[in-house]
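Summary of structural features
Here's the letter readout for the chains.
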Amino acid sequence: MSSKSAPPPLPEPLGVPVADSHTHLDMQDGTVEEALARAAAVGVTTVVQVGCDIKGSRWAAETAAAHREVHAAVALHPNEAPRIVLGDPEGWSRQGAREAGGNAALDDALAEIDRLAALDEVKAVGETGLDYFRTGPEGMAAQERSFRAHIEIAKRHGKALVIHDREAHADVLRILAEEGAPERTVFHCYSGDAEMAEACAAAGYFMSFAGNVTFKNAQPLRDALAVAPAELVLVETDAPFLTPAPYRGRPNAPYLVPVTLRAMAKVKGLDEDTLASAIAANTARAFDY
């Protein structure tokens, strides 16, 4: 195996155990048990497994029911909503080509997310939100309709809301304000600047930082982390994506949380254990476990 594709080595274990607030175990190599064992070996003792479509959300709920260390989040990803409504003739998503189902198909899919959201092992509704990077203007109406429905589902079931916000900051914040955000709202893979971090803090939203906070070109993210209150900060992998430096481009997994957390502690001028203690408490509060 070339060093480029080889999994990075296990980092030094954390002194204080933390949670990976956002991961996709179903897209990673190896078994769930192996992933959880490697993570636990370095002090990552809890993971939030996030669904992006009906199949993945059902899998997240089943996996959380089977493993005490796993909590589930269920949703239609913002890019999934337009695929359901408008179809996906190219089949670039992992489900392959699809027929257009219109709003009726979106309503059916949302009804299944609603059913899953009621389960005890499901702690959050997400990842939902807006993604203007992959979806053009024709898909925006479906995304927004789906996002508003997910906010309502989260509030009705008393679950956290996990936000995917890609190149859509102003509209995400506006829709949250219009609908009334749930009591616990998490910006997954926080991607805004320091000014937005101040707006999120004022609203009491959690900001979860991923491996991209370690990238050379990510100074705006580090500036945001610097101003984000320690009691609203979470850490995540978004694995298998966004592997932290110096392993960028190699497969990510929950066991690499310590690499990102150590980089975050430097940015915040906190010692590792202090930040880890805050993050552990914040994640349990955000996801109510």
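Throughout what follows, the structure given in this document is the object of discussion.

Thresholds applied
- Residues numbered from 1 in each chain as written.
- Predicted model: local features only at pLDDT ≥ 70, side-chain atom pairs only at ≥ 80, totals over all residues.
- Heavy atoms only, no water.
- Axes fitted to C-alpha atoms, helices over the stretch in contact; angles between N-to-C directions.
- Helix = DSSP H or I, 4+ residues; strand = E, 2+ residues; numbered from the N terminus.
- Parallel < 35°, antiparallel > 145°, perpendicular 65-115°, else oblique.
- Left-handed = near helix turned anticlockwise from the far one by under 90°.
- Contact = heavy atoms within 4.5 Å.
- Nonpolar A, V, L, I, M, F, W, Y, C, P; charged D, E, K, R; others polar.
- Buried < 20%, exposed > 50% of the residue type's maximum accessible area, 1.4 Å probe, protein only.
- Pairing = 2+ DSSP bridges.
- Right-handed = clockwise from strand over helix to strand, strands pointing away.
- Polar contact = N/O pair within 3.5 Å; in protein donor to acceptor, adjacent residues only side chain to side chain.
- Phe/Tyr/Trp six-rings, centres within 6.5 Å; stacked < 30°, edge-to-face > 60°.

**Brief notes about the packing of helix H8 (residues 219-227) against helix H9 (residues 257-268)**
- For the pair H8 and H9, the least separation of the axes is 9 Å and the interaxial angle reads 70°. Between H8 and H9, the angle falls in the class roughly perpendicular. The handedness of the crossing between H8 and H9 comes out as right-handed. Residues Arg222, Leu225, Ala226 and Val227 of H8 lie in contact with H9, whose contacting residues are Met264, Val267 and Lys268.
- Considered class by class, the residues forming the contact of H8 with H9 number 5 nonpolar, no polar and 2 charged.

**Let's talk about the pairing of strand E5 (residues 160-166)**
- Among the 7 residues of E5, 6 are classified as buried, and the element is accordingly described as predominantly covered.
- Bridge count for strand E4 (residues 122-131) against E5 is 6 bridges, and the pairing is parallel. Its bridge partner being in E5, Asp131 is matched across the sheet by Arg166.
- One crossover worth recording links E4 to the parallel E5 by way of helix H5 (residues 137-157), and it is right-handed.
- Across 3 bridges, the pairing between E5 and strand E6 (residues 185-187) is parallel. Counterpart to Ile163 in the pairing with E6 is Phe187.
- With helix H6 (residues 169-179) bridging E5 and the parallel E6, this β-α-β connection has right-handed handedness.

**Focus on the environment of Tyr132**
- Here Tyr132 is to be found in the loop between E4 and H5.
- Using a relative accessible area of 22% as the deciding quantity, one classes Tyr132 as partly exposed.
- Those residues in contact with Tyr132 that lie beyond four places of it in its chain are Met140, Gln143, Arg166, Glu167, Ala168 and Asp171.
- Polar contacts involving the side chain of Tyr132 include one to the side chain of Asp171, which spans 2.7 Å.

**Overview of the packing of aromatic side chains**
- A complete count under the given rule lists 2 aromatic pairs for this structure.
- With a centroid separation of 5.7 Å and 35° between ring planes, the pair formed by Phe187 and Tyr205 is classed as tilted. In this pair, Phe187 sits in strand E6 while Tyr205 sits in the loop between helix H7 (194-203) and strand E7 (206-209), placing the two residues 18 residues apart along the sequence. Here the two residues Phe187 and Tyr205 agree in accessibility, since each one is buried.

**Comments concerning the pairing of E7**
- Where burial is concerned, the two faces of E7 agree: the one with Phe206 and Ser208 and the one with Met207 and Phe209 are both buried.
- As paired strands, E7 and strand E8 (residues 233-235) are joined by 3 bridges and run parallel to one another. Bridging from a neighbouring strand, Phe209 pairs with Val235 of E8.
- Each parallel crossover has a hand, and the one from E7 via H8 to E8 is right-handed.

**Comments concerning the packing of H5 against H6**
- Where H5 contacts H6, the two axes come as close as 11 Å, and the packing angle between them is 45°. Classified by the angle their axes make, H5 and H6 are oblique. The interaxial crossing formed by H5 with H6 has right-handed handedness. When H5 is examined against H6, the residues Glu144, Phe147, Arg148, Ile151 and Lys155 are found in contact with a partner set consisting of Val172, Arg174, Ile175, Leu176, Glu178 and Glu179.
- Across the contact of H5 with H6, the residue classes break down as 5 nonpolar, no polar and 6 charged.

**Brief notes about unusual backbone geometry**
- Here Gly126 and Glu127 are connected by a cis peptide whose omega angle stands at 15°.
- By secondary structure assignment, the location of Glu127 is in strand E4.
- The omega torsion of the bond from Ala245 to Pro246 falls at 5°, within 30 degrees of zero and hence cis.
- Along the chain, Pro246 falls in the loop between E8 and H9.
- Despite not being glycine, Cys189 has its phi angle at roughly 45°, a positive value.
- Its place among the elements puts Cys189 in the loop between E6 and H7.
- Given a relative accessible area of 14%, Cys189 falls into the buried group.

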